[in-house]
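Structural overview
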2 protein chains.
Amino acid sequence: MTKVDTILAHGIVLVMDEATKLIADGAVAIRDETIVAVDAADAVLGAYQADEVVDCAGCAVMPGMVNAHTHVPMTLLRGLADDLRLDVWLMGYIMPVEREFVNPEFVRIGARLGCAEMIRSGVTTFCDMYYFEDDVAQATVEAGMRAVLGQTVLIFPSPDAQSYEDSIEAGRNFIEKWKGHPLIVPAIAPHAHYTCPPDVLRACVDLATEYNVPLHTHVSETALEVEESRKQHGMPVVPWIKKHGLLETKLIAAHCVHVDVGEIRTLQRAGAGVAHNPSSNLKLASGVAPVVEMIEAGLKLGIGTDGCASNNDLDMFEEMRLASFIAKGVSGDPLTVPARATIMLATIGGARALHLDHLIGSLVPGKRADVTVVDLSALHNTPRFHRDPEAVYSQLVYACKASDVRDVWCNGRRLMRDRDVLTVDVPAVMAQAQEIARKIDAFLVAREGNVLDKLIAIGGLAQEETYEVQVKIPLDDPQGVTSSLRKPGISIERSSVRRQYDTYFSFADPLQGRIRYREDEVLGEGGDVKEVRSSLTLTGPVKEREFVRSVLLSRSRFTARADRSKRFYREYFRPIEERDVQKERQRWHIRYKETEFALNLDRLTLPERPGWYLEIKSRTWSPRDAEVKADLIRELLELLGLQGQRVTRSEYVDF
Amino acid sequence: MTKVDTILAHGIVLVMDEATKLIADGAVAIRDETIVAVDAADAVLGAYQADEVVDCAGCAVMPGMVNAHTHVPMTLLRGLADDLRLDVWLMGYIMPVEREFVNPEFVRIGARLGCAEMIRSGVTTFCDMYYFEDDVAQATVEAGMRAVLGQTVLIFPSPDAQSYEDSIEAGRNFIEKWKGHPLIVPAIAPHAHYTCPPDVLRACVDLATEYNVPLHTHVSETALEVEESRKQHGMPVVPWIKKHGLLETKLIAAHCVHVDVGEIRTLQRAGAGVAHNPSSNLKLASGVAPVVEMIEAGLKLGIGTDGCASNNDLDMFEEMRLASFIAKGVSGDPLTVPARATIMLATIGGARALHLDHLIGSLVPGKRADVTVVDLSALHNTPRFHRDPEAVYSQLVYACKASDVRDVWCNGRRLMRDRDVLTVDVPAVMAQAQEIARKIDAFLVAREGNVLDKLIAIGGLAQEETYEVQVKIPLDDPQGVTSSLRKPGISIERSSVRRQYDTYFSFADPLQGRIRYREDEVLGEGGDVKEVRSSLTLTGPVKEREFVRSVLLSRSRFTARADRSKRFYREYFRPIEERDVQKERQRWHIRYKETEFALNLDRLTLPERPGWYLEIKSRTWSPRDAEVKADLIRELLELLGLQGQRVTRSEYVDF
């Protein structure tokens with residue numbers, strides 16, 4: 001009798017080899033980190049003597065599952081902000097919080113939490129992309145899991161690097177440190193083609209090639225991303241990254257939601273791995289990847305959970321079920337992606353996608369002992385039909401839950417025994433995670449309470465003059481004013497004609513002020529749109545003081561170029577009220593007695609008003625200067641023949 | 001201090017009233033079957049004295065969930081047959097098994113199993129449609145659950161009725177027995193408009209109206225169903241059932257996957273309830289219901305699991321998650337069906353859909369005490385962010401699992417304590433369920449092993465003559481034969497020209513014989529298709545004996561009209577090989593010496609062969625008669641001038 005460490009006996013063994021062999025009363029023998037034998041239980045128990053025989057009767061014994069794409073430390077951001085659009089979620093919440101909180105400790109705690117959750121749901125290998133991957137690696141090795149870990153590279157500063165050169169350097173150090181480790185495959189992870197310009201992509205490709213390590217990146221996750229690629233590069237994403245050498249590496253492409261048949265073929269020919277993330281793609285409404293076409297093309301396809309912030313868990317049973325359901329529902333074919341094919345995606349498919357199928361993904365002697373034992377006897381899996389041996393696939397995909405996973409081995413080491421995770425101090429990690437969440441809550445509460453802080457969080461802000469002197473006069477006929485502008489004493493510095501589309505966001509607390517989103521269409525001679533500028537202005541509550549003929553307003557003003565959509569700002573700031581104002585504006589910048597004034601001749605189209613309005617404005621940081629300017633406005637009104645005219649006190653938005 | 005039975009204290013209370021009020025540290029007081037108070041924990045604990053105070057710290061306290069559509073005894077058919085098309089699944093497996101096994105005992109065991117599973121996942125009310133509903137009711141009451149139970153009515157015989165009149169009568173008795181019961185709302189359940197002709201629908205409507213009970217039916221589950229309705233009735237399904245009075249009842253319409261905006265409005269105006277079943281609709285590839293439009297229209301919308309045979313479990317957490325994900329993914333809008341709206345669908349929405357919102361669906365004093373307590377502190381729900389009180393909805397929908405449900409009350413009675421179901425003997429029911437599954441397995445194994453039994457299971461079979469005498473001769477030019485047919489001694493009884501499209505299914509065991517699916521296009525004078533007939537023929541293995549010039553074949557032959565598609569038979573019989581044969585055939589039925597023969601002059605188009613083939617055939621039950629006919633065929637060949645011609649031994653399919 002040959003000695004082995006462990007025999008898992010009497011379960012239904014899912015070999016997941018080419019023939020998808022099933023052994024009804026089977027056994028798996030493990031010695032050190034290796035699978036020594038897989039056969040009928042009688043045969044294995046007759047030929048090997050084990051230190052421990054684990055009874056797996058009533059269980060499925062299957063290859064440890066492969067989570068082909070995640071950002072494991074993001075477990076700590078689980079449920080941070082849900083039901084938001086991708087950009088609001090990412091730029092409004094995830095990125096500001098990451099800037100503030102992500103450090104080696106955060107990453108280690110998050111990785112431990114994620115490893116515990118994945119072990120519980122039967123995962124033994126995952127593919128990661130995050131910051132401080134050296135700390136992710138340490139936590140992963142402690143937890144006993146196997147992982148492909150990609151150090152993130154971005155063109156802009158990230159929590160662990162001031163520049164992309166720093167990221168690449170950190171990647172090189174990370175790869176040198178971990179290459180050859182029995183559990184960790186270091187990788188380089190350029191975040192995406194749209195966050196990594198060609199030279200950055202090329203530097204990543206060079207590094208992956210030099211060390212022969214995988215390159216993990218996001219590909220064609222959203223339709224918008226593909227549209228932008230077509231617009232900017234004249235081609236969709238796969239040809240673009242091919243052009244920059246990514247397909248010559250051991251590529252792991254996450255998502256691939258919006259790829260066409262040609263791109264699938266290109267990926268297949270290049271031997272690229274693809275990670276399908278059904279929960280994340282649905283939850284963020286990115287779409288549904290063409291999984292049926294990918295399987296037909298023979299692509300190396302696995303399933304991933306994506307990060308917890310967009311899922312909100314790391315449960316491969318949910319991903320399997322969803323992968324199968326959504327393929328059937330979308331294709332209209334209930335026979336597509338059946339249970340057996342789904343289990344393949346979650347095991348050997350994932351192993352192929354991570355370029356690790358020579359080591360893992362099937363229960364074959366000589367491969368690493370990554371094994372998951374799933375209890376099939378739960379109430380929600382009763383009764384079981386035995387007539388068709390293949391029914392075990394259907395039980396696993398359509399009825400099993402993560403809570404049915406009983407035991408897990410990785411690289412021959414037992415990570416879970418009777419649902420008890422052995423390699424992570426779960427209560428301690430949960431407490432640490434909760435403490436970080438408490439701090440993030442406090443940070444966000446402080447920010448959420450303050451519109452200005454939220455504005456600062458998304459960047460690009462400038463403060464403007466506090467004092468504004470303003471007069472506004474309704475006119476039946478603007479003729480007199482426009483001709484008066486040519487009078488001596490007034491010099492016109494520049495003028496323009498524009499259409500302005502303003503949206504005002506207001507908040508429950510009026511002290512928070514008001515945000516104006518403006519699209520400014522500057523018109524040419526023929527009335528054509530020459531240029532569109534968008535801007536964002538936060539104005540604090542107004543303190544008014546009336547002058548003889550004009551009004552002095554003092555308030556805080558912050559402006560920024562609005563480089564995201566009105567929709568983004570609406571969802572990000574969540575105003576309680578929103579009002580639109582539209583007008584046609586003729587604007588003059590004039591100089592009068594060495595002082596600059598803006599004159600606006602406005603015709604209001606929303607809310608529609610007859611006639612015109614003339615505004616004369618000037619701004620300053622000084623209350624003293626404001627009074628001087630108020631006097632000058634009074635003089636200007638006389639010059640323009642408007643003395644004695646009725647003055648309007650309201651802003652257009654309050655009309 | 002007012003006395004109550006139980007206070008659930010210190011949980012986050014989800015009231016699910018109009019204002020979707022949340023109480024961060026709340027309490028619910030229960031006396032008898034009623035909710036007495038819902039308020040801040042301090043207030044409730046200060047005003048009421050309870051026999052038992054249950055600490056719900058770290059938990060969500062929410063209305064018991066409502067499973068708005070299921071067939072609860074079908075838990076016993078869970079995983080019976082998966083990855084099949086609806087018709088194969090239903091007519092090939094579910095219905096034959098139901099015909100054989102469904103009886104009152106089956107129904108009671110299945111209902112107990114289903115109740116236990118639903119209680120574990122936080123459901124307190126379900127809406128059922130099955131047979132022997134009186135037994136479902138008894139099992140439900142024992143388990144302490146609330147239910148709307150619909151006695152099924154079909155035009156054809158069902159496991160509990162020989163005719164639809166019997167079903168209606170059973171429905172009347174069932175309603176009279178259970179009407180007014182504190183937990184059971186009896187209902188009538190015409191299965192669907194396509195299985196219940198107008199008079200049957202009308203009888204159900206009359207019954208529902210007479211007793212003022214709900215009418216539960218399937219509506220527009222598949223695109224095909226709607227297409228057929230348009231073809232047969234000139235209108236889609238909702239107008240059709242409206243025409244027959246169903247919208248004047250307390251309607252509960254399951255699925256509504258393929259309904260247009262007008263139909264949604266019609267259902268809404270009628271106050272109909274609709275049950276959305278995302279898992280079932282995806283798994284069977286029926287499609288995705290227009291949930292966003294339904295919610296916008298203010299429809300009474302709930303979520304259901306459908307039966308276990310098409311899901312494969314009764315897990316409302318999975319349904320909630322899927323309902324939200326699929327709405328986002330399909331609409332492309334990540335803001336749609338957010339977590340709070342999803343919880344509404346699973347609670348008050350379901351209550352409205354079942355016309356029970358005056359009693360259940362929200363935690364409001366005076367309503368029935370149907371309460372579910374969900375532990376939010378699991379690893380897969382860590383960490384939790386508290387800054388936004390609404391985050392609890394997101395935790396419940398996006399991260400919680402059925403296994404997080406800790407306690408359940410229904411009608412004031414505790415059904416689960418610390419994850420232990422109190423009202424169902426779970427191990428006993430599981431054992432009974434497994435025993436039934438064993439018997440079903442044996443029944444199906446016997447059937448599956450035998451193609452003939454599978455053919456018999458789907459009905460309409462006739463046995464044909466065992467002996468066939470046949471000769472087949474290749475011809476370069478058929479002219480001689482066709483003119484020889486006019487010779488004296490031969491009388492032509494009838495003739496026809498047809499195109500035949502044959503598909504042969506063969507099986508691993510050649511003793512099982514071969515199935516031929518034939519589409520026979522009978523052509524008119526001008527070559528137009530006059531008629532198409534489809535037939536199915538099972539031929540057993542051939543025993544051959546050669547005669548002088550012809551071949552005697554003896555084998556079993558069974559034929560049936562093929563009233564389902566080739567695709568159905570393919571998926572049902574699962575052949576290991578499939579071959580197509582196509583030909584143009586001129587056929588004569590002739591009489592020669594008082595004996596009938598069939599003459600076929602065939603031109604093979606698939607596999608394509610040059611020239612023609614002449615077949616002369618005759619059949620008989622008697623081997624002695626077969627020999628006589630073989631002699632006559634030899635004479636006929638001489639008459640037709642074909643003596644000495646080469647004879648072909650192969651059938652076309654073996655060419």
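No experiment lies behind these values; they were computed from the predicted model shown. (Residues numbered from 1 in each chain as written. Chains lettered and ligands numbered in written order. Predicted model: local features only at pLDDT ≥ 70, side-chain atom pairs only at ≥ 80, totals over all residues. Heavy atoms only, no water.)

1. Topic: the packing of helix α3 (residues 104-120) of chain B against helix α4 (residues 133-143) of chain B
All names here are of chain B. Contact geometry of α3 with α4 gives a least axis separation of 8 Å together with a crossing angle of 35°. Every pair of crossing elements has a handedness; the one defined by α3 and α4 is right-handed. Here α3 contributes P104, V107, R108, A111, R112, C115 and I119 to the contact with α4, which in turn contributes D135, V136, A139, T140, E142 and A143. (Axes fitted to C-alpha atoms, helices over the stretch in contact; angles between N-to-C directions. Helix = DSSP H or I, 4+ residues; strand = E, 2+ residues; numbered from the N terminus. Left-handed = near helix turned anticlockwise from the far one by under 90°. Contact = heavy atoms within 4.5 Å.)

2. Some thoughts on the packing of α4 of chain B against helix α5 (residues 164-178) of chain B
Residues and elements named next belong to chain B. Viewed as axis vectors pointing N to C, α4 and α5 meet at an angle of 25°, and their least axial separation amounts to 10 Å. One element, α4, and the other, α5, form an angle in the roughly parallel class. Contacts from E133, D134, A137, Q138 and V141 in α4 reach F174, K177 and W178 in α5. Classifying every residue of the contact of α4 with α5 by side-chain character gives four nonpolar, one polar and three charged. (Parallel < 35°, antiparallel > 145°, perpendicular 65-115°, else oblique. Nonpolar A, V, L, I, M, F, W, Y, C, P; charged D, E, K, R; others polar.)

3. Quick notes on the interface of chain A and chain B
If you look at the interface, chain A gives 68 residues, while chain B gives 68 residues. Both sides together, the interface formed by chain A and chain B hides about 5600 Å², and carbon and sulfur atoms give 59% of it. It is L379, F385 and R387 of chain A that lose the most area in chain A upon contact with chain B, and together they represent 16% of the buried surface on that side. Inspection of the region where chain A meets chain B yields 36 residue pairs in polar contact (both at pLDDT 80 or more). Mapped onto the side of chain A that touches chain B, the elements with two or more residues apiece are α3 (104-120), α10 (278-283), α12 (316-331), α14 (391-399) and α15 (426-448) of chain A. Per element, the largest residue contribution to the side of chain A that touches chain B is 10 residues, and it comes from α15 of chain A. Taken together, the residues of the side of chain A that touches chain B break down into 31 nonpolar, 15 polar and 22 charged. (Buried area = accessible area lost by both parts, 1.4 Å probe. Polar contact = N/O pair within 3.5 Å; in protein donor to acceptor, adjacent residues only side chain to side chain.)

4. Some details on the nonpolar core
Formed by 289 residues in total, the largest nonpolar core has its most connected members in L396 of chain A together with L396 of chain B. Beyond its immediate stretch of four places on either side in the chain, L396 of chain A contacts L14, A60, M62, F317, M320, I343, V374 and L376 of chain A. (Core = buried A, V, L, I, M, F, W, Y, C linked by side-chain atoms within 4.5 Å. Buried < 20%, exposed > 50% of the residue type's maximum accessible area, 1.4 Å probe, protein only.)

5. Focus on the pattern of salt bridges
Residue and element names in this part refer to chain A. Inspection of every chain in the model, using the stated rule, returns 90 salt bridges over all chains. Across the pair E578 and R570 runs a salt bridge, and its minimum N-O distance is 2.9 Å. The class of R570 is partly exposed, set by a relative accessible area of 29%. Among the ionic contacts, a cluster of salt bridges with common partners joins E52, R406, D407, R414, R417 and D418. (Salt bridge = Lys/Arg side-chain N within 4 Å of Asp/Glu carboxyl O.)

6. A few points about helix α5 (residues 164-178) of chain A
All names here are of chain A. In a regular helix each residue adds 1.5 Å, so 15 residues correspond to 21 Å; α5 covers 21 Å between its end C-alpha atoms and thus fits that length. Among all positions in α5, only Y164, S167, I168, G171, F174, I175 and W178 are buried. With its buried residues spanning 120° around the axis, α5 presents them on a single face. Contacts made by the buried residues of α5 are with α4 (133-143), β8 (146-153), β9 (184-190) and α6 (198-211). (Expected span 1.5 Å × (residues − 1). Arc of directions from axis to C-beta.)

7. Concerning helix α6 (residues 198-211) of chain B
Residue and element names in this part refer to chain B. An ideal rise of 1.5 Å per residue puts 20 Å on 14 residues; α6 measures up with 20 Å between its terminal C-alpha atoms. Taken residue by residue, α6 has V200, L201, C204, V205, L207, A208 and Y211 as its buried positions. Seen along its axis, α6 keeps its buried residues to an arc of 160°; they face one direction. Where α6 is buried, its residues meet β8 (146-153), α5, β9 (184-190), β10 (214-219) and α8 (237-243).

8. Topic: the confidence of the model for chain A
Per-residue confidence for chain A averages 93 on the pLDDT scale, and 99% of its residues sit at or above 70. Predicted as a complex, the structure gets a pTM of 0.83 and an ipTM equal to 0.82. (pLDDT = per-residue confidence, 0-100.)

9. Overview of the relation of the copies chain A and chain B
At an RMSD of 0.3 Å, chain A and chain B line up after a rotation of 179° and a shift of 0.1 Å along the axis. Viewed as a symmetry operation, the transformation between the two copies matches a two-fold axis. Residue by residue, 100% of the interface of chain A is reproduced at the interface of chain B, so both copies engage with the same surface. (Least-squares fit on C-alpha atoms with pLDDT ≥ 70 in both.)

10. Quick look at the side chain of T423 of chain A
Residues and elements named next belong to chain A. Inspection of the secondary structure puts T423 in the loop between β17 (420-421) and α15. Classification of T423 by relative accessible area gives buried; the value is 15%. Here A143 takes part through its backbone oxygen, which lies 2.8 Å from a polar atom of the side chain of T423.

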